[in-house]
Amino acid sequence: MMLPAQRVPTGQKSVGNIRNSRSGVVARPARGQAVTDRNGTVEAGSGRHAAPSSTPRVGSGNWLTPGLPPRGARVGPLPALLTAAPAAVATKRKTKGPKVLSETKWDDVGLYCKAEQIGDTYKLALRLDSPRNLTLHWAVNDWNLPPQAAWPAGTRQADDKACQTQFGGDGAIEITFPDDVCPNRIIFVLKEAEVWHNNAGANYAVQLKAPPMDSFVQKILDAEGKNSHWSLVQRLMLATEVLDAADAAGPAGMALVFTLLRLSSTRVLDWYRNANFQPKDIASMQKYAGERIGDKARTAADPMSKLLARGAVAGLPRGGGNGDEIRMGILHIMRGNGIKEGHRPGHDEPFLEQWHQKLHTATSPDDVTICEAYLAFLHSGNHDDYWRVLWDNGRLTREKMESWSKPIKAWPHHLPHLIGPFQGYLWTLKTTHSGADLDTAAEMAKGFMDEGLRWTVFDILAHRNEWWVPGKIVEARQGLAHLWKQPGSSRDLLLLDIALESWSRTLLERTDPRSVGRDDLIEMVAMVLRGALITHEFEDLQQCAALWERLRPSSGHPLPGERWGREWSLAALAAAERLSLAVTAHMDTLYSLVQPHADAFREACRLDPQYTMNFGEEVVRGQPLFSAAQILGALEPQLRSASGGAPWQVVSQPGGGEAVSGTVVAVGALAEVQGSSYDVPTVLLAASLTGVEDIPPGVVAVLTKSTTDVLSHLSIRARSQRVLLATCFDDGAWAEWQSCVGKLTAAAIDPAVGAVMPTDAPAAAASSTANGGAAPPKIQLQRPEQTSSWAVGESSFRSGLVGAKALNLHTLRQKLSAVGGADVGVPASVSLPFGTFERVLAAEGNGATAAEVGRLTAAAAAGAAGGALPKEELEALRRVVAEELIAPPALVAELASAAAAAGLIPSADHWTSPSAAGAQSGPSDDEDEPDLGPGGPMAWPAVWSAVCRVWASKWTDRAWLSRRAMAIREEELYMSVLLQQVVPFRYAFVLHTSNPVTHTPGELLGEVVVGMGETLVGNYPGRALGFTQAQGAAAPQLISLPSKRIALHAPAHATLIARSDANAEDLEQYAAAGLYDSVTLQPLIARPVDLAHEPLLGDPAARGSLLGSLAGLGRTVAAAFGGRDQDVEGGVGPDGKLYVVQARPQVELHVPK
């Protein structure tokens, strides 16, 4: 195989965000000269590694984008309560001046390139460091002919794939693309007289746009799965060819490069397939790939891309060195020690001759392992040591070595006088192949470190197994970070950092956290976090590290309360839960990025599934943060015990706390059994839940490992159904319940120890039939009054016209002053009354939509009659209603007038003027927010879209199943829509004026979260601040402190929310909490919660004042409704003012006898 690297590559010398690539130069072959391309085929006068008599072939193909959302992630599309309406018109980002996309310098040809986006155009500026006679031979994407609109003056077409442009007298070329014809990348080679420069066969490329994943993934899959001639060298060439595109595509693209090289380094992908290569070629290519990918570990725009690039480098051989020393070194040993070589006489040693042949044509990191195994045998004379080291160090077997294109079949002879020569030869091999081997990396990097850092590193190596080494490694790595993160730094510094991190993880994994004291566990977590933050540039983890520092005894700003007392332990437990959630989210994201790629390689390359099915899990377990998760597993129970917490959290229990009995069934997630029903009473072990599920009929208890907010919609529905709902924090207790799967078991609540314990079920339970807890109450829905009004203001709200949400808020506003709540805010609102949806369906222009809704409703009913959940019909109903309804002009006019009168919009013209129909949103000062036109943030198309999506939520799976379980006929359900002002809350809360868990009258139970309330009622992962206050008590009692990872925040500008207000929700007999959607006009903004600086966690005085105010508010709201216990939702505004956005009777306490 020919490689064009006849010129020694220059080192990288980057400044700022300028990065360097290296290049080779090759003379143009004579016409008809054979050149081997990267696929092992032979062509004349063309190819990847020759100058193009026609355009170089660089491959082509399409592939799928295997992007999956992180498991458990809640930052993407927001759940039902506060999902945002989709844009009704196309949007574009605001233009904020030129945006530099990349700056690159290729030292070998003296070429600097800058790519910029300026408005709707993309500009590529190329400049030589000294003007000379050079021709740019260029194309777009994968050698496609550029559009003529982008050709600079004097450009000519070279062939059907490329153009040629001569550098001018100033040594510069500018290429400009309009947005609609801009390619993903420009690719080029350079011609200088009869010499072609082609970047060591990889071609030069500049990325302009993030490419679709299918533009380069199938190319890799096809090469790995179909090419008959393939080798490690060609794999690295292809990886570097797609590297810029993968980086531009973001973490999913870089995950492809990581997965490819990880499968390669672990030998799941073969290294030799009918192809050989010279030692100098593999040494050069490994060095080049390491430099390029290492550069991405420093400069990639996305922190996850940096981390994935670092992981790819960790599995790469070091490369570089003198590849010829590998080939000649073995010859010198053989000749100098009387070993027969070729026709030279000497001792006949077939093993060394066969190994020499492999080293000559296909050297690889395997040779380090072979040398180590050979030395072990030379020392002992026992072939068992040879085979043992081959397997232990490199997973090499006799069969594997005999299958190589240059096989090694002979067993070595015992020649102990070769120990010294081969110890020296091992270093030669490691110099090229060892990568992040600790000793090799330290030796190769020592020249780049100052004396102090160098002493620290070698002191670590000399005492590598001492207890203090992990902490010293963190100090060394912090010093190294200032070096390897510098542009143009040596890859040896990065390899040393990777090796130190790996050794630290090894030492930590040797330690059993259960044998370590609780304060030492806290210090171990702090140490892991300090090390992780060197490479994990995520705001989420930075916040966790800042919070964790407050747990350390040496903290200058400790958490409040006596150390290991209840108050301190509650805050420390919240910090541990917050960190655990951040680690879990990070690991789930990583898993979701790499596992789909591993599955794609399995299919394309026909790999044994055992090597790929757990690929993502193995990657996750190899991360430094995995150690933190293990340590937290030992620490959290101790914090929970010190804070007075129980191993279980009972969220809902049947009245009186009696045991419930049923057959125990285990599922991975509650979502898996949506639409199911059970014929016998069932205790469901659901390892996880999200908070938007329904509890299937026949289930008498749901036990879970997921933290569950007491006042989330799921919890309210559980209490309404008289179902036991409890969270288990103890692995032993969970295992005990898992041992009961398939058995009839009673779930008994032991208040003395705070546990839900499995006991023998009473004999009567064996013959009972399922009723899903208590029988559902008979519900008589109110039939709405007929009205000709399309919209009504708050003064016209009345029963039969609008739903309970609107009525309760109207009542609350009228009565608050009388009960001492004049300073409590109630957001302004208007309503689309009952029957509006049905009238819109019947309006002009909606005939076809009405017919389709009728057809799909009938089809859904027919499917349900057969016992199935009509998922397709329900999905189609949601789509049709959300997207195809046309608003009658009279509706727009009446709603605009009502909204203007309520102060929701500046004037009715805001929605009714001719320009309003096409408007979407107004200009934003935030360059990250869309520039959506002149209609303002509450433009009419967004309003109508939100309203239609609320109506469409009548046909979500869970709402449809719930109505069937309650025997509510479809024609009985009517949906009014409450259009309400959104207040940008600093905190959101839910209050129950009597404790629904313990059934204690007069004891208020409340929960508080940072930001808007969806993270609370939607049961986002983590805990809310929980508290109780008994009637007449002087101060609230803390139950938990906040640990949620994500807070949702309102947009900076004013906005509205369209809220469901059906005649089948917020009833005393049936809350239907969260079954129907509420939709904001613009999406809420998800941000990680910075608990290190959050007063709810760290300022007892401010927290106590707020909780006292909330307890008083709850009782004020109850008084406004005649003393009836209330379920109150609200928030705290930016100025500290309290608001109530919803009040309804507590379902659990007021079901009629």
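Residues numbered from 1 in each chain as written. Predicted model: local features only at pLDDT ≥ 70, side-chain atom pairs only at ≥ 80, totals over all residues. Heavy atoms only, no water.

## With respect to the overall build of the protein
Inference 1: A count of helical and extended segments in the protein gives 34 helices and 39 strands.
Inference 2: When each of the 1153 residues of the protein is scored for burial, the buried share is 57%.
Inference 3: Partitioning the intrachain contacts of the protein with sequence separation of at least 6 by distance along the chain shows that 69% fall at a separation of at least 24.
Inference 4: Carbon and sulfur atoms provide 52% of the accessible area of the protein, an area that totals close to 44,100 Å². (Helix = DSSP H or I, 4+ residues; strand = E, 2+ residues; numbered from the N terminus. Buried < 20%, exposed > 50% of the residue type's maximum accessible area, 1.4 Å probe, protein only. Contact = heavy atoms within 4.5 Å. Areas by Shrake-Rupley, 256 points an atom, 1.4 Å probe, with all protein chains shown as cover.)

## Remarks on the packing of aromatic side chains
Inference 1: Scanning the model with the defined rule gives 20 aromatic pairs in all.
Inference 2: Ring geometry for W106 versus Y204: centroids 5.3 Å apart, planes at 80°, classification edge-to-face. Taken together, the residues W106 in strand 7 (residues 99-106) and Y204 in strand 16 (residues 204-207) connect sequence positions 98 residues apart.
Inference 3: With 5.4 Å between their ring centres and 55° between their planes, F837 and W951 make a pair best called tilted. In this pair, F837 sits in helix 25 (residues 836-842) while W951 sits in helix 30 (residues 940-952), placing the two residues 114 residues apart along the sequence. Comparing F837 with W951 shows no difference in burial state: the two are buried.
Inference 4: A network of ring pairs unites the aromatic residues F351, W355, Y374, Y386, W387, W411, F422 and Y425 as a single cluster.
Inference 5: Positioned over the ring face of W404 is K358, at 5.2 Å from the centre of the ring.
Inference 6: Between the NZ or CZ atom of R518 and the centre of the ring of W564, over which it lies, the distance is 4.0 Å. (Phe/Tyr/Trp six-rings, centres within 6.5 Å; stacked < 30°, edge-to-face > 60°. Lys NZ or Arg CZ within 6 Å of the ring centre and 35° of its normal.)

## So, the pattern of salt bridges
Inference 1: Inspection of every chain in the model, using the stated rule, returns 58 salt bridges.
Inference 2: Notably, a salt bridge pairs R1103 with E567, separated by 3.4 Å at the nearest N-O pair. Here R1103, found in helix 34 (residues 1100-1120), pairs with E567, found in helix 19 (residues 566-605); they are 536 residues apart in sequence, far enough to count as distant.
Inference 3: You can call R1103 buried: its relative accessible area is 4%. (Salt bridge = Lys/Arg side-chain N within 4 Å of Asp/Glu carboxyl O.)

## Points about unusual backbone geometry
Inference 1: A positive phi is found at N141, a non-glycine position, where the angle reads about 55°.
Inference 2: If you trace the backbone, N141 turns up in the loop between strand 10 (135-140) and strand 11 (156-157).
Inference 3: With phi around 65°, R267 is a residue other than glycine that occupies positive phi space.
Inference 4: Position of R267 relative to the elements: it lies in the loop between helix 4 (251-265) and strand 18 (272-273).

## Looking at the pairing of strand 34 (residues 1046-1049)
Inference 1: The side-chain alternation of strand 34 yields two buried faces, one formed by I1046 and L1048 and the other by A1047 and H1049.
Inference 2: Taken together, the four bridges between strand 34 and strand 37 (residues 1085-1088) define a ladder with antiparallel strand orientation. By the bridge assignment for strand 37, A1047 is matched with R1087. (Pairing = 2+ DSSP bridges.)

## Digging into the nonpolar core
Inference 1: In this structure, W355, F422, Y425, L496 and W548 are the most contacted members of the largest nonpolar core, which totals 198 residues.
Inference 2: No other element matches helix 19, which puts 20 residues into this core.
Inference 3: In this view, F422 contacts I330, I333, L352, W355, C371, Y374 and L375; residues no more than four positions away in its chain are not counted.
Inference 4: Counting residues in each nonpolar core, the second largest holds 57 residues, with L832, V853, V881 and A896 among its members. (Core = buried A, V, L, I, M, F, W, Y, C linked by side-chain atoms within 4.5 Å.)

## Overview of helix 5 (residues 279-299)
Inference 1: With 21 residues, helix 5 ought to run about 30 Å at 1.5 Å a step, and its terminal C-alpha atoms sit 30 Å apart, in line with that.
Inference 2: With 17 of 21 residues buried, helix 5 is to be regarded as a mostly interior element. (Expected span 1.5 Å × (residues − 1).)

## Some thoughts on the side chain of T155
Inference 1: Inspection of the secondary structure assignment puts T155 in the loop between strand 10 and strand 11.
Inference 2: Using a relative accessible area of 14% as the deciding quantity, one classes T155 as buried.
Inference 3: A distance of 2.7 Å separates a polar side-chain atom of T155 from the backbone oxygen of P152.
Inference 4: Polar side-chain contacts of T155 include one of 2.7 Å to the side chain of T165.
Inference 5: Apart from residues no more than four positions distant in its own chain, T155 is found in contact with W138, C163, Q164 and T165. (Polar contact = N/O pair within 3.5 Å; in protein donor to acceptor, adjacent residues only side chain to side chain.)

## Some details on the environment of L639
Inference 1: Structurally, L639 is set in helix 21 (residues 624-642).
Inference 2: Residue contacts for L639: discarding those within four places in its chain leaves W564, W568, S569, A572, L573 and A576.

## Section: the packing of helix 17 (residues 518-532) against helix 18 (residues 539-549)
For any two helices packed against each other, one specifies the crossing angle of their axes together with the interaxial distance.
Inference 1: Two numbers describe how helix 17 lies on helix 18: the axes approach to 10 Å, and their chain directions differ by 145°. Between helix 17 and helix 18 lies a crossing whose hand is left-handed. The residues of helix 18 that touch helix 17, namely those facing I522, V525, A526, L529 and R530, are C544, A545, W548 and E549.
Inference 2: For the contact of helix 17 with helix 18, the class distribution of residues is seven nonpolar, no polar and two charged. (Axes fitted to C-alpha atoms, helices over the stretch in contact; angles between N-to-C directions. Left-handed = near helix turned anticlockwise from the far one by under 90°. Nonpolar A, V, L, I, M, F, W, Y, C, P; charged D, E, K, R; others polar.)

## Here's the deal with the sheet that holds strand 33 (residues 1037-1040)
Inference 1: Strand order across the open sheet formed by six strands is 33-32-31-30-38-39, with antiparallel pairing between neighbours. Every interior strand has two partners, whereas the edge strands, strand 33 and strand 39 (1138-1145), have only one. On average, each strand axis in the sheet is tilted by 20° relative to the strand beside it, whichever way the strands run.
Inference 2: By the bridge criterion, six bridges tie strand 30 (residues 987-992) to strand 31 (residues 1004-1010) in an arrangement that is antiparallel. Residue pairing across strands places Y987 opposite V1010, the latter belonging to strand 31.

## A closer look at the confidence of the model for the protein
Inference 1: Summing up the model confidence of the protein, the mean pLDDT is 82 and the portion of residues at 70 or higher is 85%.
Inference 2: Counting interchain partners and residues more than four positions distant, the pLDDT-below-50 stretch residues 1-95 has 277 contacts.
Inference 3: Every residue in residues 920-934 scores below 50 in pLDDT, and together they form 40 contacts with partners more than four places removed in sequence or on other chains. (pLDDT = per-residue confidence, 0-100.)

## Overview of the sheet that holds strand 22 (residues 699-704)
Inference 1: An order of 19-23-22-21-20-24-25 is seen for the seven strands of this open sheet, with the pairing classed as mixed. Two strands bound the open sheet, and with one partner strand each, they are strand 19 (648-652) and strand 25 (755-760). Each adjacent strand pair in this sheet contributes to an overall mean axis angle of 35°, direction not counted.
Inference 2: Sheet topology note: the strand 19/strand 23 (residues 724-728) ladder contains four bridges and is antiparallel. Counterpart to S652 in the pairing with strand 23 is L725.

## Re the environment of H347
Inference 1: Take H347: it is sitting in the loop between helix 7 (323-336) and helix 8 (350-362).
Inference 2: Owing to a relative accessible area of 36%, H347 belongs among the partly exposed residues under this scheme.
Inference 3: Along the primary structure H347 and M334 are separated by 13 residues, whereas in three dimensions their C-alpha atoms are 9.3 Å apart.
Inference 4: Setting aside chain neighbours within four positions, we find H347 in contact with G338, I339, K340, H413 and L415.
Inference 5: In this structure the side chain of H347 is engaged in a polar contact, spanning 3.2 Å, whose partner is the side chain of H413.

## Re the packing of helix 1 (residues 217-226) against helix 19
Inference 1: The interhelical angle for the contact between helix 1 and helix 19, taken along N-to-C directions, is 40°, at an axis separation of 8 Å. Viewed along their axes, helix 1 and helix 19 adopt a mutual orientation that is oblique. Read as a crossing pair, helix 1 and helix 19 show a hand that is right-handed. Here I220, L221, E224 and G225 of helix 1 come into contact with helix 19, specifically with A600, F601, A604 and C605. (Parallel < 35°, antiparallel > 145°, perpendicular 65-115°, else oblique.)

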